[in-house]
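# Structure assessment
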Amino acid sequence: MRITVLTVPDCPNAPVIEERIARAAAGLGVEAERVEVADQEQAARLGMTGSPTVLIDGVDPFAVPGAPPSLSCRLYRGPDGKVEGAPSVAELRRALNTADIAERCACPPTDAADRSGRGRIAPVAGGLRAVQQAVLRHFAATGAAPAAGDLEAAAAVHGRAATAVLAELAAEDFLTLDGDGRIRAAYPFSAVPTGHHIRLADGIEVWAMCAVDALGIPDMLGTDAVITSADPVTGERVTVTSTGGVMTWQPSTAVVYVGQRSCTGPAADIACGALNFFTHRHTAHAWAEQHPDHTGAPVDHSQAELLGRSLFGSLLTAPKPA
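In this text, all values refer to a predicted model and were calculated from it rather than measured experimentally.

### Some details on the environment of Leu275
Examined against the element boundaries, Leu275 turns out to sit in the loop between helix H8 (267-270) and strand E17 (276-278). Measuring from C-alpha to C-alpha, the distance between Leu275 and Ala297 comes to 9.7 Å, with 22 residues separating the pair along the chain. Filtering out sequence-adjacent residues up to four positions away, Leu275 remains in contact with His196, Cys210, Ala211, Val212, Tyr257, Val258 and Gly259.

What follows is the structure, given as structure tokens:
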């Protein structure tokens, strides 16, 4: 695990966040690296939205959708509403534990996009990010996958055909295509019904590839939403209602099993079937016993939400190509 603290020179909260990280990371065998950011351009390139910003394996677990790159003092609001210049030790510990679980449960080797099996933001080069973001916005606006023709304008800016960009995105596992070259999934969205249904605040209905993807959608879109799924063991409904960025779970005992069945191949094949909602931790363990080919562990609400947010929250707010 790699922990980076981005800060402006002489930021008074830099030593505060480093001391809290040291306490939160006790026993994990990792230390934080401080990187001083000199200008706005460097802040944008590194993903700093205020000083200090903490990155865990390159991801800001406390990212606020739409927050621009900034050298200004950053404030963090805790679950109790208290505002401080650094996340609490408890919040940092949850973020680190979630990243540790993701690291142990998501082990595909580094691919061409250098995602190490975790990052979901396509690179800017070749129009990949522009087309990826156009695909995600189309899903959010219509509830369905775009056709290649809907993406020609985004691809043409980079001198490419949409079909060529889609093929490259599929090769690097940012989305999947069917045998006819049509988009079947663009993480976190699925073009076909799955067990994870999301109704957005504007009434649009979409499907998510897995439980973690579903939890990442409200934050990615900056909207309220209702997620509906079912426990694979009992068939009982699990509902997560996101209002103003706060998620309410029914039943309150529900958990998410985070796992996978192998370490090679696209996430749709190796992980999505093992990322499910369960009404209780004991039904998650019962499912795991019935599926010995999968490895993983159940995680609580805060860890599951943080994992979804860290993977998908910045997909549409990542800097666009110039």
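Right, picking up where we left off after that structure.
### Considering the nonpolar core
A general trend in soluble globular proteins is that nonpolar side chains are found buried together. Leu169, Ile198, Val212, Leu215, Trp249, Val256 and Phe277 are the most contacted members of the largest nonpolar core, which has 51 residues in total. Leaving out residues up to four positions away in the same chain, Leu215 has contacts with Ile227, Val240, Met247, Trp249, Val256, Phe277, Ala304 and Glu305. Ranked by size, the runner-up nonpolar core spans 17 residues in total, among them Val30, Phe62, Val89 and Leu96.

### A short note on the pairing of strand E2 (residues 32-36)
When strand E1 (residues 3-7) meets E2, the two strands line up parallel, connected through five bridges. Across the sheet, residue Thr4 finds its bridge partner in E2, namely Glu33. Regarding the hand of the β-α-β motif, the stretch spanning E1, helix H1 (residues 14-24) and E2 is right-handed.

### Description of the sheet that holds strand E8 (residues 176-177)
Spatial strand order, E8-E9-E10-E12-E11-E13-E14-E15: eight strands in an open sheet with antiparallel pairing. Each of the sheet's edge strands pairs with one partner strand only, and the pair in question is E8 and strand E15 (246-250). By the bridge criterion, three bridges tie strand E11 (residues 197-200) to strand E12 (residues 205-208) in an arrangement that is antiparallel. Residue pairing for E12: His197 is matched across the bridge by Trp207.

### Concerning the pairing of E1
Side-chain direction in a regular strand flips from residue to residue, so the side chains alternate between the two faces of the sheet. Within E1, five of the five residues are buried, leaving the element largely enclosed by the surrounding structure. By the alternation rule, side chains of E1 split into Ile3, Val5 and Thr7 and Thr4 and Leu6, which are all buried. Pairing geometry for E1 and strand E4 (residues 53-56), over four bridges, is antiparallel. For Thr4, the partnering residue across the bridge sits in E4 and is Leu55.

### Quick notes on the pattern of salt bridges
Following the criterion strictly, the structure yields eight salt bridges and no others. Residues Arg23 and Glu19 are paired through a salt bridge, measuring 3.4 Å at the closest nitrogen-oxygen approach. Within this pair, Arg23 and its partner Glu19 are both found in helix H1, separated by four residues, close to a single helical turn. Judged by its relative accessible area of 47%, Arg23 falls in the partly exposed class. Close ionic contact of Arg182 with Asp180 constitutes a salt bridge, the shortest N to O distance being 3.2 Å.

### Looking at the confidence of the model for the protein chain
Taken as a whole, the protein chain shows an average pLDDT of 86; of its residues, 87% reach a score of 70 or greater. The lowest-confidence element of the protein chain is H8, averaging 61 in pLDDT; the highest-confidence one is E11, averaging 98. This stretch, residues 104-118, has a pLDDT under 50; its non-local contacts, to residues over four places away or in other chains, come to 33 contacts.

### So, the sheet that holds E17
Strands sit in the order E17-E16-E18 across an open sheet of three strands; the sheet is antiparallel. Edge positions in the sheet fall to E17 and strand E18 (295-299), since each has one partner strand and no second. Neighbour-to-neighbour, the strand axes of the sheet open up by a mean angle of 25°, direction not taken into account. Two strands pair when backbone bridges link them, and strand E16 (residues 255-260) and E18 are joined in this way by five bridges, in the antiparallel orientation. Bridge pairing in E18 places Tyr257 opposite Pro298. Along the sheet, helix H9 (residues 281-290) makes contact with E16, E17 and E18, crossing E16 at roughly 25°.

### Regarding the packing of aromatic side chains
Enumeration over the complete set of coordinates arrives at five aromatic pairs. With a centroid separation of 5.8 Å and 65° between ring planes, the pair formed by Trp249 and Phe277 is classed as edge-to-face. Placement of the pair is Trp249 in strand E15 and Phe277 in strand E17, with a sequence separation of 28 residues. By relative accessible area, which is 1% here, Phe277 ends up buried. Here the aromatic cluster, defined as three or more aromatic residues joined through ring pairs, consists of Tyr257, Phe278 and Trp287.

So, how was this worked out
Residues numbered from 1 in each chain as written. Predicted model: local features only at pLDDT ≥ 70, side-chain atom pairs only at ≥ 80, totals over all residues. Heavy atoms only, no water. Helix = DSSP H or I, 4+ residues; strand = E, 2+ residues; numbered from the N terminus. Contact = heavy atoms within 4.5 Å. Core = buried A, V, L, I, M, F, W, Y, C linked by side-chain atoms within 4.5 Å. Buried < 20%, exposed > 50% of the residue type's maximum accessible area, 1.4 Å probe, protein only. Pairing = 2+ DSSP bridges. Right-handed = clockwise from strand over helix to strand, strands pointing away. Salt bridge = Lys/Arg side-chain N within 4 Å of Asp/Glu carboxyl O. pLDDT = per-residue confidence, 0-100. Axes fitted to C-alpha atoms, helices over the stretch in contact; angles between N-to-C directions. Phe/Tyr/Trp six-rings, centres within 6.5 Å; stacked < 30°, edge-to-face > 60°.

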